[in-house]
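What follows is each chain in one-letter form.
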Amino acid sequence: TALCMMGLQYLDVSIYQMLRGSGIIFVALMKQHVMKEHLQKFHWVGVFWNVISVVIVGGTALLASSSGEKDDSAASTSQTFLGVCLLMAGAFVQAVQFVFEEHVMKM
């Protein structure tokens, strides 16, 4: 969560909230490859749409920061990229925690 909060300093709240959906992608990948649980095809369709939405929202954030607006509150492209990376790293850590908790509960 600390990584996500650090990323929030460089992103708009709306971008932050939409990119937190990337946790679903990480959890699905770890359930399939780490826990060896087979996901249904409709799960993968949902994950696919999450990937598309994360790419669109992340790309929009980067394009908006490089559009040349002279607003003092607007972050630069490198700061926005750093914010997206921190947020994705935080979502990955949270996904590891979710998968670990599920593994412990199945013991």
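Residues numbered from 1 in each chain as written. Predicted model: local features only at pLDDT ≥ 70, side-chain atom pairs only at ≥ 80, totals over all residues. Heavy atoms only, no water.

Caption draft 1: Looking closely at the pattern of salt bridges. As enumerated under the stated definition, the model contains 4 salt bridges in all. One salt bridge in this structure joins Lys31 and Glu102, with 2.7 Å as the shortest N-O distance. Taken together, the residues Lys31 in helix α3 (residues 22-33) and Glu102 in helix α5 (residues 77-105) connect sequence positions 71 residues apart. By relative accessible area, Glu102 is classed as partly exposed at 26%. For the salt bridge of Lys106 with Glu102, the shortest nitrogen-to-oxygen distance reads 3.5 Å. One salt-bridge network, held together by shared partners, links Lys31, Glu37, Glu102 and Lys106. (Salt bridge = Lys/Arg side-chain N within 4 Å of Asp/Glu carboxyl O. Helix = DSSP H or I, 4+ residues; strand = E, 2+ residues; numbered from the N terminus. Buried < 20%, exposed > 50% of the residue type's maximum accessible area, 1.4 Å probe, protein only.)

Caption draft 2: Quick peek at α5. Taking 1.5 Å per residue, 29 residues should reach 42 Å; α5 reaches 42 Å between its end C-alpha atoms and fits that length. By the burial criterion, the buried members of α5 are Thr80, Gly83, Val84, Leu86, Leu87, Met88, Gly90, Ala91, Gln94, Ala95 and Val99. Elements in contact with the buried residues of α5: α1 (2-8), α2 (13-19), α3 and α4 (41-65). (Expected span 1.5 Å × (residues − 1). Contact = heavy atoms within 4.5 Å.)

Caption draft 3: Spatial organisation of the side chain of Glu37. Locating Glu37 in the fold gives a position in the loop between α3 and α4. Among residues more than four places away in sequence, those in contact with Glu37 are Lys31, Gln32, Glu102 and Lys106.

Caption draft 4: Broad picture of the nonpolar core. By size, the foremost hydrophobic cluster in this structure holds 15 residues, and its most contacted members are Leu11, Ile15, Leu19, Val54, Val84, Leu87 and Met88. Per-element accounting of this core gives the leading share, 4 residues, to α4. Not counting residues up to four positions away in its chain, the partners in contact with Leu19 are Leu11, Val54, Val57, Gly58, Val84, Leu87 and Met88. Of all hydrophobic cores here, the second largest spans 5 residues; its members include Val27, Met30, Ala95 and Val99. (Core = buried A, V, L, I, M, F, W, Y, C linked by side-chain atoms within 4.5 Å.)

Caption draft 5: Main features of α3. If you check α3, its first and last C-alpha atoms are 17 Å apart, about what 12 residues at 1.5 Å a residue would give, namely 16 Å. Turning to α3, its buried residues number three or more, namely Ser22, Gly23, Ile25, Val27, Ala28, Met30 and Lys31. Buried-residue contacts for α3 involve α2, α4 and α5.

Caption draft 6: A look at the state of the cysteines. Tallying each qualifying case throughout the model produces 0 disulfides. This cysteine, Cys4, is not joined by any disulfide, and Cys85 carries the nearest cysteine sulfur, 13 Å off. Residue class for Cys85 comes out partly exposed when judged on its relative accessible area of 35%. (Disulfide = S-S within 2.5 Å.)

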